[in-house]
Amino acid sequence: MPTRLCALAASVALLTALAVPAASADPGAAAGTGGAGSTGGTGGPGAAGSGAPTVNLATNPGFELPSPNLADWGSVPGWNCTGGPAEAAVTTTAAHSGTSALTVTPANADSTGECAQTVAVQPDTTYAASAWVRGDFVHLGATGTGHDVAPAWTATTSGGWQQLTTRFTTGPNARSIRLYVHGWYQQGPFSVDDVRVDGPAPAPAVAAGSIPTTDKVVFFTVDDGWQRTPEAERFIADHRLPITAFPLPRPAGTDPDFFKRVTAVPGSSAQDHSVSHSDLSKLPLERQQVEICDARDTMTRLFGTAPVVFRPPFFTWNTDTLQAAADCGIRTVLTADADFSWGASNIWHPGLLQPGDVVLMHWTDTLAADLPRALAAAEAAGLKPAGLVDYLH
């Protein structure tokens, strides 16, 4: 950026910050007080809503969760940073609490170093957001609330930690908001820790192996995505099969056009299958939430629609899974009651397929043969494949 434009950007930064009229830094905040570094728990600034317990809805709010060695995960689990791993890093020293904090060094003069996450919310509900920050011209805010307000900000924390707080009330159609933190142009690095979005806990997601319906339909679901064959793609297109795909982020990101083509039939969709394909029942709630929310963000970015169904890897889940899924805006945690993967024809109840059954398959080199076998089993029972999301309420 030319010197004159750099000077102009710095001047705009100063004037803009001074002009922000509402929700500025908490004047009574001091380092060492407030904030909590984990998901869940009661307390916080408080929120008005459904009467459910007030909890921290932010994902990885204390930046304490380790980054798995997965290229598609990025450097900060639970957060999407504009500059990627080169711009945002989790530090292990000088945290506000715990052992870690997020430090962002904007990559260039045109970057504010923004990091953000999607938070599931309820309509017509008031939430309180807060974060402890260190640096100059650091901002905290939310968009997509339906009643957007100015961000909280501070001109400088004078080298210490300072808490920013803001409140927002969601509109009648709001189901999620985008929470963000960022610095300002040419103002140098900043740090963030102990983020909170306090509000009513969402009701846990519903676990299901089939979809209650009297319609003569069955639902074909296909997991993972590592082996994508033109033969399977052609069979889906030729028979106009509604497919619910549960791809992992890495294969989905490697070949998004393939998944767009195989889910082009009306009723088809791409849903959530976690990031690392781990056994979630062995993970604490906060790590399950990162697995589900980060995969949700990838599916939304790639395919334009946020998932509403989560398929737990290995069909293993627990009550934390249901809550973590709900915290990510997921309504249904879905297993299956029939498996036609890798040449199998397993129906896990007596008799033929029944209305509402969910059939499991995988994106493998056998899928082109598995699909006609599953379709024949459906036809033998007088059923036809239908779009799964069309039957969820």
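Residues numbered from 1 in each chain as written. Predicted model: local features only at pLDDT ≥ 70, side-chain atom pairs only at ≥ 80, totals over all residues. Heavy atoms only, no water.

A. Geometry of the overall build of the chain. Scanning the chain from terminus to terminus reveals 7 helices and 21 strands. With 393 residues in all, the chain has 53% of them scored as buried. (Helix = DSSP H or I, 4+ residues; strand = E, 2+ residues; numbered from the N terminus. Buried < 20%, exposed > 50% of the residue type's maximum accessible area, 1.4 Å probe, protein only.)

B. Spotlight on the sheet that holds strand β8 (residues 152-156). Reading across from one edge, β2-β5-β10-β7-β8 is the order of the 5 strands in this open sheet, with antiparallel pairing throughout. In the strand order of this sheet, the two ends are held by β2 (80-81) and β8, each with one partner. Taken together, the 2 bridges between β2 and strand β5 (residues 115-120) define a ladder with antiparallel strand orientation. Looking at the pairing, C81 lines up with C115 of β5. (Pairing = 2+ DSSP bridges.)

C. Fine view of the sheet that holds strand β17 (residues 332-334). The strand order across the open sheet built from 3 strands is β12-β17-β16, with neighbouring strands paired in parallel fashion. Strands with a single pairing partner mark the edges of an open sheet, and in this sheet they are β12 (206-208) and β16 (309-310). The sheet contact formed by β12 and β17 spans 3 bridges and is parallel. Looking across to β17, one finds that A207 is bridged to V333.

D. Structural view of helix α6 (residues 319-327). Counting buried residues in α6 gives 7 out of 9 residues, a clear majority hidden from the surface. Among the residues of α6, those classed as buried are T321, L322, Q323, A324, A325, A326 and D327. Contacts from the buried residues of α6 go to β5, β12, α5 (285-303), β16 and β17. The N-terminus of α6 is capped by N318, whose side-chain oxygen sits 3.1 Å from the backbone nitrogen of D320. In the stretch just after α6, G329 is the one whose phi turns positive, near 85°. (Contact = heavy atoms within 4.5 Å. Polar contact = N/O pair within 3.5 Å; in protein donor to acceptor, adjacent residues only side chain to side chain.)

E. Expanded view of the side chain of E291. Structurally, the position occupied by E291 is in helix α5. An unpaired buried charge is present at E291: no salt bridge exists, and R287, the closest side chain of opposite charge, is 5.7 Å distant. A polar contact of 2.4 Å, which involves the side chain of E291, links it to the side chain of S276. (Lys, Arg positive; Asp, Glu negative; His and termini not counted. Salt bridge = Lys/Arg side-chain N within 4 Å of Asp/Glu carboxyl O.)

F. Layout of the pairing of strand β13 (residues 217-224). The element β13 is largely enclosed, with a buried count of 8 among its 8 residues. Across 2 bridges, the pairing between β13 and strand β21 (residues 384-385) is parallel. For V217, the partnering residue across the bridge sits in β21 and is K384. Of the pairings in the sheet, the one linking β13 to strand β20 (residues 358-362) comprises 5 bridges and is parallel in character. Pairing of T221 across the sheet is with L360, part of β20. In the sheet, β13 pairs with strand β14 (residues 243-247) via 5 bridges, with the strands oriented parallel. When the bridges of β14 are listed, F220 appears paired with I243. Crossover β13 to β14 through helix α2 (residues 230-238) is right-handed. (Right-handed = clockwise from strand over helix to strand, strands pointing away.)

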